[in-house]
Amino acid sequence: MKRILVTLLIVAVCVAVQAQNKHNIYIDLGVNQRGITATYDRMLTKHFEIGLGLSAYDYSTRNRNLISTAVFMDLRRFWVKRKSMLFLLADIGAAHNSGQLSEWEKRAPVGFYCGLGFGYQYRINKKGMGPYVSVGMYGHTEKKHYSYAWMPPGGIDSRIFDATSILSVGFKF
């Protein structure tokens, strides 16, 4: 059983290393906000990738409790120069907003998510693996319904686009 597991592990690693130039996985952690993002991209052209990603960030440091997760489509344009790689990224998708609110506030659970950013990666090998740092402006929409006791029964609704800049460090596999 152990031999089969070791053999499968070796085969999987060899296949993953050979496919690094077409399939890329980016995993990063937020520095100024607590959170994580994981993205799977596939190379379309020599300098352009498209893929899917998941992110989860905790914005509870503000006066309102908000945990935002998102599923998004990721577009990356990059330029390679020897061991360096500069890239631009654009994300668009759906956000899920959760967290505690006061008793007279209700939040719509699903909103729009988008992000724009740029980054720098240091490539360790020819396949493109290596650490990177990126800065981006990421945001989501929130729709709230307020129903205070002194207001008419309909209450009021507000829609906002809440964006914040996030510095993140990560690794490209």
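As shown above, the structure is provided for reference.
Cut-offs and rules
- Note on numbering: residues in each chain are counted from 1, in written sequence order.
- Only residues with pLDDT of at least 70 get local features here, since the model is predicted, and only at 80 or more are side-chain atom pairs given and counted; chain-wide, interface and lining totals rely on the full set of residues.
- Excluding hydrogens and water, the side-chain values take into account all heavy atoms of the structure.
- Put plainly, a pocket is an open set of points on a 1 Å grid over the protein atoms alone with protein on both sides within 12 Å along at least five of seven lines, a cavity is a set where a 1.4 Å probe fits but cannot get out, and a lining residue has an atom within 4 Å of a point.
- Grid points are joined across faces, edges and corners, and a volume is the space filled by probe spheres set on the points.
- Strands here mean DSSP runs of E at least two residues long; helices mean DSSP runs of H or I at least four residues long; both are numbered from the N terminus.
- Polarity classes work like this: nonpolar for Ala, Val, Leu, Ile, Met, Phe, Trp, Tyr, Cys and Pro, charged for Asp, Glu, Lys and Arg, and polar for all others, with Gly in that last group.

Participant: Would you mind going over empty space enclosed by the protein in detail, with residue names and values included?
Facilitator: All chains considered together, the criterion is met by two cavities of 30 Å³ or more. Along the wall of the largest cavity there are 16 residues; nearest its centre are Asp 28, Thr 37, Asp 91, Tyr 138 and Ser 168. Looking at the lining of the largest cavity, the elements with two or more residues in it are β2 (34–45), β3 (48–58), β4 (67–81), β5 (84–98), β8 (130–146) and β9 (156–172). Along the lines of polarity and charge, the residues of the lining of the largest cavity split into seven nonpolar, five polar and four charged. If you go around the second largest cavity, the residues you meet are Ser 55, Tyr 57, Tyr 59, Ser 68, Tyr 113, Tyr 138, Gly 139 and His 140. Among the elements of the structure, β3 and β8 are those that each provide at least two residues to the lining of the second largest cavity. Of the residues forming the lining of the second largest cavity, the biggest block, three residues, is contributed by β8. Across the lining of the second largest cavity, the residue classes break down as four nonpolar, four polar and no charged.

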